[in-house]
Amino acid sequence: MARWVQRSTCRWGAVTVLCVAVGLLASACAVKGATVAAAPGGQPTTTTTSRPMKLVGGMTVDPAKGPAGTAVKVHGHDLPASAPLELVWTTHECRWVLAGDQHEEYHGRKCDAKDVELAPLTTGADGTVDASFVAPDDFGFAHDVLLLDKAGVVVNKALFDEAIQVAIAPDRGPVGTPITVSVKGMGVDALENNRQILYDNVYTGWVSAITTRGSATAVIPATGRPGTHVVQVARGAFTFPYLNPAQSPRPDIPVFSFTFTVTDGAPVLPAALADQSPRPTPAKASAVDGPSIAADVATTPVGSQVTVTGRGLPASADVKLQWFRIVGNRVAGQGWEEKSIDLPAAKTTSAGTFESSFPAPGDVGGPHRIEATVAGANAVDTTVSITPSVLSISPASGPAGSTFTIALNGVGWTETANIYTVVYDNAYVGYVCGFNSQGNVTLPMVAAGAPGWHFVDLYPAIYKGEETGGQQSFRIPQLTFTDHPGEKLPVFHFAFQVTG
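Residues numbered from 1 in each chain as written. Predicted model: local features only at pLDDT ≥ 70, side-chain atom pairs only at ≥ 80, totals over all residues. Heavy atoms only, no water.

*Asks:* Before we move on, can you summarise the overall build of the chain with the specific residues and values?
*Replies:* Scanning the chain for helices and strands turns up one helix and 38 strands. Total accessible area on the chain is roughly 21200 Å²; 55% of this is exposed by carbon and sulfur atoms. (Helix = DSSP H or I, 4+ residues; strand = E, 2+ residues; numbered from the N terminus. Areas by Shrake-Rupley, 256 points an atom, 1.4 Å probe, with all protein chains shown as cover.)

In structure tokens, the structure reads:
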């Protein structure tokens, strides 16, 4: 029986762009006619893939800063005459880093330098070259634009600073209106790749763009009484917003503020709970020679029907089916282990096939092994993943100070899946955990606020792990849940009516 030991080490729809900010260009120094970016404090803001350099002549890009989609002109002079060159844009490929036998450990984020070829060029007889390109939809801030010779040697380079853009849409509507916050051009450095959202000066959550190349989309509900409300998109790498950025080591990183007008009218309420829970996803057919079993679904919420079929097994034999699960927790000091429960037994036909159907057991989210044993010998197995689902909110109305309960199933157990964070009227309240309760979560809440509709949103988060670059993104709502590391987890939305 496998056992895992507890780790104790701390380890966007179309929108109207309402605000575009261009970060101040970092200070630059000339090296043999090339422009080289340097961040405040002298540390480079970007790195390029390892290439030999033989800098000659000079090179400019015009403009040297702008948002994605900017038309950029390139001019080079005093270069080798009539020489073939390649125009290259430097960027990064980023990913979340997970480790462990079941990818249960979170180890931060990693970005590797990457070159993108823009166009082949040839210098004139006078050693000049002119070209143009459109700034790609990419990570923001500093990008080196390179001229490479046919041997891949850097002949010259210049800096283009890709501006971050932030927008909200719409900017008015009744309470509950979904407000889309769109960000383009988030960077890769520690101070560039986080955005924090506040609503009326309360902290809502953070947005990331690790797997989405600098673009992020978050949707929050309009809350509060009719009138003007403020949405801020701040910066901050250490969990919460950094509120005096002009005095930071990177004052070039902008912050944004918008207003949203809550109007009179019927509230915009969340979708019905039944429509919010993920549907089962069918498993891909696979051709396996010899004995095998297969499930008809790859992922499913708790309680949905799962059908397992087998073939190539001994004829007219009893089949024992078992469901394997992770049991334990990471805070009591005894770790966790894999255990099994019995599923409905089956019997093979004279052709060595069988079929067995059962509801997906109540269990932690993530992959679960299903094993078929025939005649006391381990035969074959397959895997089905449980995905979180919402059960109920009860009651859905009541006076201020009354209690209500939200219930979930299938909450996970890994460092990236075992908690959901709770946001009430766009204010982060706290988190709930589903590991020790085998995926079941019962969340007691107290109704608060003025009479009318109030909104509760549950977002995935990273519970714990290792972070890099001094960042801390643990136990806070990840509003960009589609960029969540590891498991693809849903977000859940609820409305409660305070009656008096």
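*Asks:* Quick rundown of the sheet that holds strand β22 (residues 292–295)? Include the residues and the values.
*Replies:* If you walk across this open sheet you meet the three strands as β22-β24-β28, and the pairing is antiparallel. A strand with exactly one partner marks an edge of an open sheet, and here the two such strands are β22 and β28 (354–359). When the angles between neighbouring strand axes are averaged without regard to direction, this sheet yields 20 degrees. In this structure, β22 lies alongside strand β24 (residues 305–311), joined through four bridges in antiparallel fashion. Each bridged residue has a counterpart across the sheet, and for Ala294 the counterpart in β24 is Thr309. (Pairing = 2+ DSSP bridges. Axes fitted to C-alpha atoms, helices over the stretch in contact; angles between N-to-C directions.)

*Asks:* Just give me the short version of the environment of Thr128, but keep the residues and values in it.
*Replies:* Structurally, Thr128 can be placed in the loop between β9 (105–122) and β10 (129–134). We classify Thr128 as partly exposed; its relative accessible area is 23%. For Thr128 and Met59, which are 69 residues apart along the polypeptide, the C-alpha to C-alpha distance reads 9.4 Å. Sequence-distant contacts of Thr128, defined by excluding residues within four places in its chain, comprise His75, Gly76, His77 and Thr123. Within the structure, Thr128 has its side chain in polar contact with the side chain of Asp126 (distance 2.8 Å). (Buried < 20%, exposed > 50% of the residue type's maximum accessible area, 1.4 Å probe, protein only. Contact = heavy atoms within 4.5 Å. Polar contact = N/O pair within 3.5 Å; in protein donor to acceptor, adjacent residues only side chain to side chain.)

*Asks:* Help me get a handle on the packing of aromatic side chains, residues and values and all.
*Replies:* Throughout the structure, instances matching the rule amount to 11 aromatic pairs. Cluster of aromatic residues (ring-pair linked, three or more members): Trp89, Phe133 and Phe160. Sitting over the ring of Phe324, Arg369 keeps its end group 3.9 Å from the ring centre. Taking NZ or CZ as reference, Arg475 lies 5.8 Å from the ring centre of Tyr463, over its face. (Phe/Tyr/Trp six-rings, centres within 6.5 Å; stacked < 30°, edge-to-face > 60°. Lys NZ or Arg CZ within 6 Å of the ring centre and 35° of its normal.)

*Asks:* An account of the sheet that holds strand β36 (residues 441–446) is needed here, citing residue identities and associated values.
*Replies:* Pairing in this open sheet of three strands is antiparallel, and the strands run β31-β33-β36 from one edge to the other. Because the sheet does not close on itself, it has two edges, and the strands there are β31 (389–394) and β36. Neighbouring strand axes in the sheet, compared pairwise and without regard to direction, differ in orientation by 20 degrees on average.

*Asks:* Lay out the pattern of salt bridges in plain terms, naming residues and giving numbers.
*Replies:* Inspection of the entire model under this criterion finds 18 salt bridges. In this structure, Lys347 engages Asp318 in a salt bridge whose closest nitrogen and oxygen atoms are separated by 3.3 Å. With Lys347 in strand β27 (residues 346–347) and Asp318 in strand β25 (residues 318–328), this residue pair connects regions lying 29 residues apart in the sequence. A salt bridge links Lys339 to Glu337; the shortest N-O distance between them is 3.6 Å. A residue is classified by how much of its surface remains accessible, and Lys339, at 38% relative accessible area, is partly exposed. The exposure class assigned to Glu337 is buried, which follows from its relative accessible area of 17%. Overlapping salt bridges, with partners in common, bring together Glu93, Lys114, Asp138 and Arg213 in one network. (Salt bridge = Lys/Arg side-chain N within 4 Å of Asp/Glu carboxyl O.)

*Asks:* Describe in detail the environment of Glu86, supporting the description with residues and values.
*Replies:* Looking at the secondary structure, you find Glu86 in strand β8 (residues 84–99). On a C-alpha basis, the gap between Glu86 and Val153 in space is 10.0 Å, while along the polypeptide they are 67 residues apart. Sequence-distant contacts of Glu86, that is, excluding residues within four places in its chain, are made with Glu117, Ala119, Pro120, Leu146, Leu147 and Leu148.

*Asks:* Got a sec to walk through the confidence of the model for the chain? Specific residues and values, please.
*Replies:* Confidence in the prediction of the chain, expressed as mean pLDDT, is 88, and 90% of residues score 70 or more. Here residues 1–48 scores under 50 on pLDDT; set against residues more than four positions off or in separate chains, the count is 125 contacts. (pLDDT = per-residue confidence, 0-100.)

*Asks:* Any chance you could break down the environment of Met59 for me, citing the residues and the numbers?
*Replies:* Relative to the elements of secondary structure, Met59 occurs in strand β5 (residues 58–62). In this structure, the C-alpha to C-alpha distance between Met59 and Leu79, residues 20 residues apart in sequence, is 9.1 Å.

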